[in-house]
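Overview (structure and organization)
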Amino acid sequence: MATPPDSPIEEVVYELEPARAPKPIPVALEDLCRLTKFTRQEIRVMYRGFKTECPDGVVHEDSFKDIYAKFFPHGNSSLYAHYVFKAFDVNCNGSITFRDLLVTLSTLLRGSVYERLRWTFRLYDINGDGCISRGELGEIVSAVHELMGRRPHQPDDDMKAREQVDRVFAKLDLNQDGIITIEEFLEACLKDDVVTKSLQMFDCL
C-alpha cells in the first residue's frame, strides 16, 4: 500500500537534559520536498537508508569519518572529513540530522553552479568569518593531498602543496588584499570554465 504523501518522517532531536530520552519530532515529507530538489520517493528511500545506518537519527563526526575512510582507503581522510562534516553541520551542534544531510545533498547534486559554489566557499571558510585566508586554503589543500594518499610533511609534497595554494589564491584574491570574499570567490570561479565544468559533473544525478 502506498504511503500517503504527507506522512511524517521521524527525526530524532536530543533534549538538553541528559536524563530525558530523545523525542522523535515528525518532519512532514512535504516540507522536505519544498526544502530540497528531491522527490517524495527519493526522500523515502534515503530516509530508510539513513535510519538503517544511523538508528539514533543523527550522524556524529566519528561515524562520518568512518564512512569517508571506506571511500578513501589508501589515504588519510580524517582531516578532510572533519572539514566536510563542519560544512554539513548547519546548526554547528556536532551532529548531522537527516534534514541537514538532505538539504546539503540537494545543493551538491541538484543545485545550481552558484549554489554549489556558495557551499564550497563555506567548506573553505574554516573559521566561518565570511572570508578565506591563505592559511585556510592551505589547510584544505593539505587535507585533500592526505585524502589522496600523499605523504604529509615531505619536502617535495609540501612544496607542491604550497605552489598550488599560491596559484589558486592568486586567482581567487581578485583585489590582492590577502583574503578571498564570497563575491571574489563567485566571480573568479564563474569565469573559470574548468571550475564550472567540474561542478556540472553531478548534473546527471
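Residues numbered from 1 in each chain as written. Predicted model: local features only at pLDDT ≥ 70, side-chain atom pairs only at ≥ 80, totals over all residues. Heavy atoms only, no water.

The name an unreviewed UniProt entry gives the chain is EF-hand domain-containing protein, with Anopheles christyi as the organism.

A few words now on the pattern of salt bridges. The tally for this structure, following the rule as stated, stands at eight salt bridges. For Arg40, the salt bridge is made with Glu30, and the minimal N-O distance between the two is 2.6 Å. Taken as a pair, Arg40 in helix H2 (residues 40-53) and Glu30 in helix H1 (residues 29-35) lie far apart in primary sequence, 10 residues in all. Residue class for Arg40 comes out partly exposed when judged on its relative accessible area of 33%. Judged by relative accessible area, which is 36%, Glu30 ranks as partly exposed. The shortest N-O distance in the salt bridge between Asp31 and Arg34 comes to 2.9 Å. (Salt bridge = Lys/Arg side-chain N within 4 Å of Asp/Glu carboxyl O. Helix = DSSP H or I, 4+ residues; strand = E, 2+ residues; numbered from the N terminus. Buried < 20%, exposed > 50% of the residue type's maximum accessible area, 1.4 Å probe, protein only.)

Take the packing of H2 against helix H5 (residues 98-110) next. When two helices pack together, their arrangement is given by the angle between the helix axes and by the axis-to-axis distance. In contact at an axis separation of 11 Å, H2 and H5 are set at 125 degrees when each is read in the N-to-C sense. For the element pair H2 / H5, the angle class is oblique. Every pair of crossing elements has a handedness; the one defined by H2 and H5 is right-handed. Packed against H2, whose contacting residues are Glu42, Ile43, Met46, Tyr47 and Phe50, the element H5 presents Phe98, Leu101, Leu102 and Arg110 at the interface. (Axes fitted to C-alpha atoms, helices over the stretch in contact; angles between N-to-C directions. Parallel < 35°, antiparallel > 145°, perpendicular 65-115°, else oblique. Left-handed = near helix turned anticlockwise from the far one by under 90°. Contact = heavy atoms within 4.5 Å.)

What follows covers the nonpolar core. Counting residues in each nonpolar core, the largest one holds 28 residues, and the members touching the most others are Ile43, Phe64 and Val84. Elements with a contribution of two residues or more to this core: H1, H2, helix H3 (61-71), helix H4 (78-88), H5, helix H6 (113-124) and helix H7 (134-147). At seven residues, the largest contribution of residues to this core is made by H4. For this core, the two domains that each supply at least three residues are domain 1 (31-111) and domain 2 (113-204). What Val84 contacts, discounting residues up to four positions off in sequence, is Phe64, Tyr68, Trp119 and Leu123. (Core = buried A, V, L, I, M, F, W, Y, C linked by side-chain atoms within 4.5 Å. Domains from an automatic or database assignment.)

Time to look at the packing of aromatic side chains. One pass over the structure, following the stated rule, counts nine aromatic pairs. With centroids separated by 5.7 Å and ring planes inclined at 55 degrees, the aromatic side chains of Phe64 and Phe88 adopt a geometry described as tilted. Residue Phe64 is located in helix H3, and its partner Phe88 is located in helix H4; the two are separated by 24 residues in the primary sequence. Phe88 matches Phe64 in its accessibility class, with the two residues each being buried. (Phe/Tyr/Trp six-rings, centres within 6.5 Å; stacked < 30°, edge-to-face > 60°.)

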